[in-house]
Amino acid sequence: MPNEIKTYDLVIIGGGPAGIVGAATAKAYRKTVAVVDNHHELGGTGVNTGTVPSKTLRETALALSGIKARQLIGMDFSLKQEATVADFLRHEQHVKEGFNTMIPEVSMVGATEETLMKAGVDYVVGRANYRDNGRGRIIGDLDGFLKLLFRREDMKLLGVHIIGEQATEIVHIGLVALLAGSTADVFVEACFNAPTLGALYKSATIDAMLKATGAEASLSALAEAG
Ligand SMILES: Cc1cc2nc3c(=O)[nH]c(=O)nc-3n(C[C@H](O)[C@H](O)[C@H](O)COP(=O)(O)OP(=O)(O)OC[C@H]3O[C@@H](n4cnc5c(N)ncnc54)[C@H](O)[C@@H]3O)c2cc1C
């Protein structure tokens, strides 16, 4: 119906990081949302021109120069003497397309699904994939994920599970939230830098809220675009 008029609780003009997180949050609160953007790809400056491309170029420079390897073991493991523009662009393209072969880090704190099931606790799982996170794509970890366990009745955080790069570092965000007795609100209200793996907490929380409210579509891919 070409003349059909649709109404929404919220219309967001601009599908950059602000618009996307706003849309995902509104959806988690069961609002209907439309996102309007005049660019052919969502993500705004964060994905298309600024944040992700610039951090990808930095990561590529570190990898090609061997700087990271030298800092680690004091030896020159330079991969290439002369990096070309094509080398940089190739990595950026790979980040956008997605590829990975890595040995994952594993870290967890708090309850597991098994212990919660045994204890008869009604819980909801929120999951965020590294591949849907700007930093995850930049570092090339496309298999990693963060899983949060919340008590359904009050969305209190009960468990944090991470498999992926930097898992042993980013688990501390969840550890502190657990010690503080936090609920999902803490991650919804927190403003995370982008692109960071820390932002996975917001994506996983929104995913859990969508499931808790019975919403079918997961917006985890949209929740962290910057
Ligand atoms: C080189 C560079 C590096 C950066 N690095 C970082 C970083 O490392 N970390 C960080 O946190 N921030 C970084 N930033 C800043 C970050 O990109 C911005 O803060 C962020 O993108 C702002 O998000 P936004 O959603 O408010 O706006 P934008 O990302 O600008 O998104 C606005 C969206 O609105 C759309 N739009 C505009 N006008 C209209 C219209 N009339 N109708 C429909 N759609 C419209 C645009 O197409 C776009 O998709 C960087 C910026 C640049 C330029």
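Worth saying up front: this structure is predicted, and the values here are computed from it rather than measured.

Asker: Please give an account of helix H8 (residues 167-179) that cites residues and values.
Answerer: For H8, with 13 residues, the first-to-last C-alpha span of 18 Å sits near the 18 Å given by 1.5 Å per residue. Those residues of H8 that sit buried are Ala167, Ile170, Val171, Ile173, Gly174 and Ala177. Where H8 terminates, the next one or two residues include Gly181, which has phi positive at roughly 70 degrees.

Asker: Mind laying out the nonpolar core, listing which residues take part and the relevant values?
Answerer: Leu146, Leu148, Phe150, Leu200, Tyr201, Ala204 and Ala208 are the most contacted members of the largest nonpolar core, which totals 37 residues. A per-element tally of this core places helix H10 (residues 200-212) first, with seven residues. Residue contacts for Ala204: discarding those within four places in its chain leaves Gly126, Arg127, Ala128, Leu146, Lys147 and Leu148.

Asker: Residue-level account of the site of the ligand, with values.
Answerer: Close to the ligand lie 21 residues; Gly14, Gly16, Ala18, Gly44 and Gly50 are nearest. When residues of the shell around the ligand are traced back to their parent elements, those giving at least two are helix H1 (17-28), helix H2 (44-48) and helix H3 (51-65). The residue inventory of the shell around the ligand, partitioned by class, reads five nonpolar, 14 polar and two charged. Inspection of the shell around the ligand shows a minimum of three residues originating in each of domain 1 (1-46) and domain 2 (50-93).

Thresholds applied
Residues numbered from 1 in each chain as written. Predicted model: local features only at pLDDT ≥ 70, side-chain atom pairs only at ≥ 80, totals over all residues. Helix = DSSP H or I, 4+ residues; strand = E, 2+ residues; numbered from the N terminus. Expected span 1.5 Å × (residues − 1). Buried ≥ 20, exposed ≤ 12 C-beta atoms within 10 Å, placed from the backbone. Core = buried A, V, L, I, M, F, W, Y, C linked by C-beta atoms within 7 Å. Contact = placed C-beta atoms within 7 Å. Near = placed C-beta within 6 Å. Nonpolar A, V, L, I, M, F, W, Y, C, P; charged D, E, K, R; others polar. Domains from an automatic or database assignment.

On their own, these measurements won't tell you what the molecule is for.
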